[in-house]
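# Examining the three-dimensional arrangement
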Amino acid sequence: MTGTKMYTTIHRQPEDLRRLLSDGWEQAAEAAERLRGARRVYTVGIGTSYHAAIVGAWLLRAAGSDARAVNSCDFALYPEAAVLGPGDAVIVLAHTGVKRYSIQALARAAAAGAMVLSVGSLTAEHPGSQLVLRTVERETSAAFTASHTAAMTVLAQVATELGEQRISAATTGFRTALMALPDQVADVLARQEEVWPVARRAAERRIYATGAGPNEATVLEAVIKVREAAFGHIDALALEQFLHGPIVAVNPGDLAIIVHVPGPAAKRVREIALVLDAIGAELWLIGHPIEGLDRAGFFALPETPELLSPLVAVVPMQLLACQMAAVKGVNPDTFRRDDPRYAAAFGLLDL
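Let me begin by describing the structure that accompanies this report. Fair warning: this is a prediction, and the values are worked out from it, not measured in the lab.

So, how was this worked out
Residues numbered from 1 in each chain as written. Predicted model: local features only at pLDDT ≥ 70, side-chain atom pairs only at ≥ 80, totals over all residues. Heavy atoms only, no water. 1 Å grid on protein atoms, 1.4 Å probe; cavity = no way out; pocket = protein on both sides within 12 Å on 5 of 7 lines; lining within 4 Å. Points joined across faces, edges and corners; volume = space filled by probe spheres on them. Helix = DSSP H or I, 4+ residues; strand = E, 2+ residues; numbered from the N terminus. Nonpolar A, V, L, I, M, F, W, Y, C, P; charged D, E, K, R; others polar. Polar contact = N/O pair within 3.5 Å; in protein donor to acceptor, adjacent residues only side chain to side chain. Contact = heavy atoms within 4.5 Å. Buried < 20%, exposed > 50% of the residue type's maximum accessible area, 1.4 Å probe, protein only. Pairing = 2+ DSSP bridges. Right-handed = clockwise from strand over helix to strand, strands pointing away. Axes fitted to C-alpha atoms, helices over the stretch in contact; angles between N-to-C directions. Parallel < 35°, antiparallel > 145°, perpendicular 65-115°, else oblique. Phe/Tyr/Trp six-rings, centres within 6.5 Å; stacked < 30°, edge-to-face > 60°.

Before going further, it helps to examine the layout of surface pockets. Size it by volume and the largest pocket reaches roughly 700 Å³. Lining of the largest pocket is provided by 26 residues; of these, Lys 99, Ala 142, Phe 144, Phe 335 and Leu 351 occupy positions nearest its centre. Among the elements of the structure, helix 4 (48-62), helix 6 (100-111) and helix 10 (216-230) are those that each provide at least two residues to the lining of the largest pocket. Broken down by class, the residue content of the lining of the largest pocket amounts to ten nonpolar, eight polar and eight charged. The calculated volume of the second largest pocket comes to roughly 160 Å³. Taken together, Val 223, Ile 224, Arg 227, Glu 228, Phe 231, Phe 335, Arg 336, Tyr 342 and Phe 346 make up the full set of residues lining the second largest pocket. For the lining of the second largest pocket, the elements supplying multiple residues, two or more each, are helix 10 and helix 14 (340-346).

Written as structure tokens, this is what we have:
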């Protein structure tokens, strides 16, 4: 595992975040000034970038914006999915800057006369973007990790600046919490041995993951990471969506990953966790323990505002995926292109 690019990238995240939180406030302030008068703000992405867009929309709403996350494909191909005009702003998240629908989303936003911003790597090219918010060097593993945490952090910085301009109570404490983030991520990574027993059990069983509010994005990201890095059998839904139907597919012995952090939905998270325990699922709680579930596995997260918790909650998910790949003897970096069948199949289209 230590020899993979995914592992190396995961473990460089504290330093990436320190740099962003040292040097990135100027670009965040410029973005906030541009967004301040926008009627609506669309955060747009695909794959991992869509999950960052979901978190970004939560953060920008806290700062007082009418912010909505839209998948890049929907934004590009279905105008009715996002009514767009000159008074709106669009933030396209695209780490590499080369995906088909990210380019089309940028073009659509520019053609509509909207304010166009983007989030990407240090070298990403985003035609039509009026301001590229830079994150980290372009990743070489197909399983993007540092770029995801960095994109969420950049949007959190923008929301912080915007919230401070608007004197938004919902973003109070964001700046202080963000400055603690690199050390918090470093602490999570230092505890990677806690994840190994879960990874070993997860490698050969079905996994379900659920979380509420902004941590819907966290569990959706767990799906992408576990599937693309370790070819794992995992599904995830927002908490109440999971309860209303899909929970009946859970069987005794399945692994249920639950993000449980302080917030309005915490009581409901506990109720659903108790149901899963009664079914006989093996629980792995991320965040805070739940009373009455002493036999559940538990990975503690540091205290941070709920809206910022996805920035640190995603790191155990990254570790799980990377370690599962090691257990299964899978290379997490290649997007399975080292298998001729998959390489030929993926060659049939342009991402």
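The discussion continues.
This brings us to the side chain of Glu 221. Its place among the elements puts Glu 221 in helix 10. At 2.8 Å, the side chain of Glu 221 and the side chain of His 51 are in polar contact. Within the structure, the side chain of Glu 221 is placed 2.9 Å from the side chain of Lys 225, a separation counted as a polar contact. With sequence-adjacent residues up to four places away left out, Glu 221 is seen in contact with Thr 48, His 51, Phe 144, His 148 and Val 314.

What follows deals with the pairing of strand 4 (residues 115-120). Across a regular strand the side chains alternate sides, sitting on one face of the sheet and then on the other. Most of strand 4 sits out of view: five of its six residues are buried. Relative to strand 4, strand 3 (residues 89-93) runs parallel, the two sharing five bridges. Along strand 4, the bridge assignment pairs Ala 89 with Met 115. Handedness of the β-α-β unit built from strand 3, helix 6 and strand 4 comes out right-handed.

Below, the discussion takes up the packing of helix 7 (residues 146-166) against helix 13 (residues 310-328). Interaxial distance between helix 7 and helix 13 falls to 10 Å at its minimum, and their mutual angle equals 175°. Here helix 7 is positioned roughly antiparallel relative to helix 13, judged by the angle of their axes. Every residue of helix 13 that contacts helix 7 at His 148, Thr 149, Met 152, Thr 153 and Ala 156 is listed here: Pro 310, Leu 311, Val 314 and Gln 318. Grouping the amino acids of the contact of helix 7 with helix 13 by side-chain chemistry returns five nonpolar, four polar and no charged.

Moving on, we come to the sheet that holds strand 3. Pairing within the open sheet is parallel, and its five strands lie in the order 2-1-3-4-5. Where the open sheet ends on each side, the last strands, each with one partner, are strand 2 (67-71) and strand 5 (131-134). Shown here is a sheet whose adjacent strand axes are inclined to one another by a mean of 20°, direction ignored. Pairing of strand 1 (residues 41-45) with strand 3 involves four bridges; the strand directions are parallel. Paired with Tyr 42 across the strands is Val 90, a residue of strand 3. Helix 6 contacts strand 1, strand 3 and strand 4 of the sheet and is inclined by roughly 165° relative to strand 3.

As a further point, take the packing of aromatic side chains. Enumeration over the complete set of coordinates arrives at five aromatic pairs. Consider the rings of Trp 284 and Phe 299, whose centres lie 6.4 Å apart with planes at 75°: the pair is edge-to-face. Residue Trp 284 is located in strand 9 (residues 282-287), and its partner Phe 299 is located in strand 10 (residues 297-300); the two are separated by 15 residues in the primary sequence. The burial state of Trp 284 is the same as that of Phe 299; both residues are buried. Ring centres of Tyr 342 and Phe 346 lie 6.2 Å apart, and the angle between their planes is 50°; this geometry places the pair in the tilted category. Taken as a pair, Tyr 342 and Phe 346 lie in helix 14 at a separation of four residues, close to a single helical turn. Look at Phe 346 and you get partly exposed, because its relative accessible area is 25%.

Quick look at the side chain of Thr 9 now. Tracing the backbone shows Thr 9 in helix 1 (residues 5-11). Excluding residues that lie within four positions of it along the chain, Thr 9 makes contacts with Glu 139, Thr 145 and Ala 146.

Read these as layout, nothing more, since geometry by itself doesn't imply function.
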